[in-house]
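# Working through the structure, step by step
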Amino acid sequence: MPAIRNYKLNFGPQHPAAHGVLRLVLELDGETVVHADPHIGLLHRATEKLAETKPYNQSIGYMDRLDYVSMMCNEHGYVLAIEKLLQVQAPIRAQYIRVMFDEITRILNHLMWLGAHGLDVGAMSMFLFCFKERETLMDCYEAVSGARMHATYYRPGGVVRDLPLKMPLYEGYPSQPQKEVDELNKDRHGSFLDFLQSFVDQFPSRIDEYENLLTDNRIWKQRLVGIGIVEPEKAIQLGFTGPMLRASGIEWDLRKKQPYEVYDQLDFDIPIGKNGDSYDRYLVRVEEMRQSTKIIKQCIDWLRKNPGIVMLDNHKITPPTKNQTRHGMEDLIHHFKFYTEGFCIPKNEIYTAIEHPKGEFGVYLVSDGANKPYRVKIRSAGFPHLAALNDLCQGHMIADVVTIIGTLDIVFGEIDR
């Protein structure tokens, strides 16, 4: 009789569906997965150790590079932890701007996820549709920070600058028809808020287009329905948070349960699933994009009516303006001390968490009274989901592993930090 045995197969790290540098060792019985062992450690950026060697205000840029699809949300967790240790609160206008950009970032994240997940499963055109809308939101990042991805826009005490009163215009290249340039600049003749208002007015119809393509698509449902089911109790035991937990039917969202900034003053719903499968995770994230649009609209309305400062006027923890440094000797000294030494925080420790697009993003900071943290520990939103890959994949086919990895929405910058 021929000997029948299981085979072990490397899935990644070069696999196009491995979402970064995931090496997955699959034990296979034919095409059925018996065991899935995720190997991480091929990226390892040492973000936490690097942050422990620099003043608090010089590590914000590292946070952008953790989950490089949800940049400002990473900053938010770190900056909130610093503010809680300092026992200060950002001005109310800065809080609304932060919440608005958190939700812009949530849409950015979910569009990237939907496009990449569609590509993994075989829906090629979704990638192009999603990236078209992402470009507009990247322009919002660029307008306030000068960078399209790694913004470093949130700072302890507020945000680095107020929203611009004018959006930059496309100039076009010499042979480009003026009609094309005018079309590109159609929504750019007003302020930043006008530009964003135009986007959120149109975006729900774009989500409808995505749903028309996918939600009732027979092939899409065959690939997702009943794949990677996680029961509610199991989801809690595995440490799931965010859309992964809510898709299993558990209504847990830090924006509602442990509100921070101004989320308790805004009206939005928490979408939850019923079956905890890949299809429910898709539906929850699509509905989250609709709810984020709703939140952004409320923030725009408030910001139009309420001007004000966006940074605390305490030059021990916030830098003076350029105008102040030109005219005041003391302000110049504050500026020099701030950017060379930073600021000291009293001895204490704190854990702060925010509702990141992928789940709970937490920052544990320990201060020993110096100008740099004694210890930084980041609670990655995606790591517990990746750790549960074996539970999700057992009994499924190799093709389903691609679907399951896609629905986890993992980015290795934060997982192997």
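Look a little higher up for the structure.
Residues numbered from 1 in each chain as written. Predicted model: local features only at pLDDT ≥ 70, side-chain atom pairs only at ≥ 80, totals over all residues. Heavy atoms only, no water.

## Some points on the sheet that holds strand S8 (residues 375-379)
Backbone hydrogen bonds hold the strands of a sheet together, and the pairing may be parallel or antiparallel. Defined as follows: When DSSP locates at least two bridges between a pair of strands, those strands are taken to pair. Each helix corresponds to a stretch of at least 4 residues labelled H or I by DSSP, and each strand to a stretch of at least 2 residues labelled E; elements are numbered beginning at the N terminus. A fitted line through C-alpha atoms represents every axis, and for helices the fit uses only the stretch in contact; the resulting angles, taken between N-to-C directions, go from 0 to 180 degrees. The contact definition used throughout considers only heavy atoms, calling two residues in contact when any of these lie within 4.5 Å.
A sheet is described by the order of its strands in space; here 3 strands give the open sequence S6-S7-S8, paired in antiparallel fashion. At either end of the open sheet lies a strand with only one pairing partner, and these are strand S6 (348-356) and S8. Between one strand axis and the next, the sheet turns by 10° as a mean value, whatever way the strands run. Bridging between S6 and strand S7 (residues 359-367) involves 9 bridges; their strand directions are antiparallel. Bridge pairing in S7 links Ala353 to Gly362. Strands S6 and S7 of the sheet are contacted by helix H3 (residues 71-86), whose axis makes an angle of about 150° with S6.

## What to know about the state of the cysteines
The condition is simple: Criterion for a disulfide: a pair of cysteine sulfur atoms within 2.5 Å.
Scanning the entire structure with this criterion turns up 0 disulfides. Note on Cys140: no disulfide assigned, nearest cysteine sulfur contributed by Cys299 at a separation of 13 Å.

## A word on the packing of aromatic side chains
Heads up, the rule is: Between 30 and 60 degrees the pair is tilted, below 30 it is stacked and above 60 it is edge-to-face, where a pair is any two Phe, Tyr or Trp rings, Trp via its six-membered ring, whose centres lie within 6.5 Å. Partly exposed residues are those whose accessible area sits between 20% and 50% of the maximum for their type, while under 20% is buried and over 50% is exposed, using a 1.4 Å probe and protein chains only. Charge over a ring is defined by NZ of Lys or CZ of Arg lying within 6 Å of the ring centre and within 35 degrees of the ring normal.
Under the defined criterion, the tally for this structure stands at 15 aromatic pairs. Aromatic side chains Tyr153 and Tyr154 sit 6.2 Å apart centroid to centroid with 50° between the ring planes, which places their arrangement in the tilted category. Both residues of the pair, Tyr153 and Tyr154, belong to the buried class. Between the aromatic rings of Tyr263 and Phe268, the centroid separation amounts to 6.0 Å while the plane-to-plane angle is 65°, which identifies the pairing as edge-to-face. Neither Tyr263 nor Phe268 differs from the other in exposure class; each is buried. Each member of the aromatic cluster is reached from another via a ring pair, and the members are Phe101, Tyr141, Tyr153, Tyr154 and Phe192. Of note, Arg134 hangs over the ring of Phe131, and the distance from its end group to the ring centre comes to 5.2 Å. Against the face of Phe268 rests Lys256, its NZ or CZ located 4.4 Å from the ring centre.

## Some remarks on a nonpolar patch on the surface
As a reminder of what qualifies: Patch definition: residues with relative accessible area over 30% and no salt bridge; like charges joined within 9 Å; nonpolar side chains (Val, Leu, Ile, Met, Phe, Trp, Tyr) joined within 5 Å. In short, Shrake-Rupley with a 1.4 Å probe defines the accessible areas, and a residue's cover is counted only from the protein chains shown. Criterion for a salt bridge: a side-chain nitrogen of Lys or Arg within 4 Å of a carboxyl oxygen of Asp or Glu.
Among the surface-exposed residues, Leu128, Phe129 and Leu213 lie close enough to one another that they form a single nonpolar patch of about 270 Å² accessible area. Mapped onto the fold, Leu213 is located in helix H7 (residues 192-214). The partly exposed category is assigned to Leu213, whose relative accessible area is 33%.

## Some words on unusual backbone geometry
Positive phi, close to 60°, is recorded for Ala46, a residue that is not glycine. Inspection of the secondary structure puts Ala46 in the loop between strand S3 (32-39) and helix H1 (47-51).

## Considering the sheet that holds strand S1 (residues 7-11)
The strand order S1-S2-S3 describes an open sheet built from 3 strands, whose pairing is antiparallel. Since the sheet does not close on itself, it has two edges, and those belong to S1 and S3, each with one partner. For this sheet, the mean angle separating the axes of adjacent strands, direction not counted, is 25°. Examined bridge by bridge, S1 and strand S2 (residues 23-29) share 5 bridges and lie antiparallel to one another. Each residue of the ladder has a partner; that of Asn10, found in S2, is Val25. Across the face of the sheet, helix H17 (residues 398-408) comes into contact with S1, S2 and S3 while running at roughly 145° to S2.

## A look at the packing of H3 against helix H4 (residues 92-121)
Pairs of packed helices are described in terms of their axes, by the angle between the two and the distance that separates them. The test is simple: Side-chain classes follow a simple rule in which Ala, Val, Leu, Ile, Met, Phe, Trp, Tyr, Cys and Pro form the nonpolar group, Asp, Glu, Lys and Arg form the charged group, and the remainder, Gly included, forms the polar group.
The contact between H3 and H4 brings their axes to 8 Å, and the two run at 145°. Residues Met71, Met72, Cys73, His76, Val79, Leu80 and Glu83 of H3 touch H4, and the partners they reach there are Arg98, Phe101, Asp102 and Thr105. In terms of residue class, the contact of H3 with H4 is built from 6 nonpolar, 2 polar and 3 charged.

## Regarding the pattern of salt bridges
All told, the structure shown has 30 salt bridges when counted by the stated rule. For Asp162, the salt bridge identified is with Arg93, shortest N-O distance 3.2 Å. With a gap of 69 residues between them, Asp162 in the loop between strand S5 (158-159) and helix H6 (178-184) and Arg93 in helix H4 connect regions that are remote in the sequence. Exposure remark for Arg93: the relative accessible area of 8% places this residue in the buried category. One network of salt bridges, in which partners are shared, links Glu103, Arg106, Arg246, Asp253, Arg255, Glu288 and Glu355.

Read these as layout, nothing more, since geometry by itself doesn't imply function.
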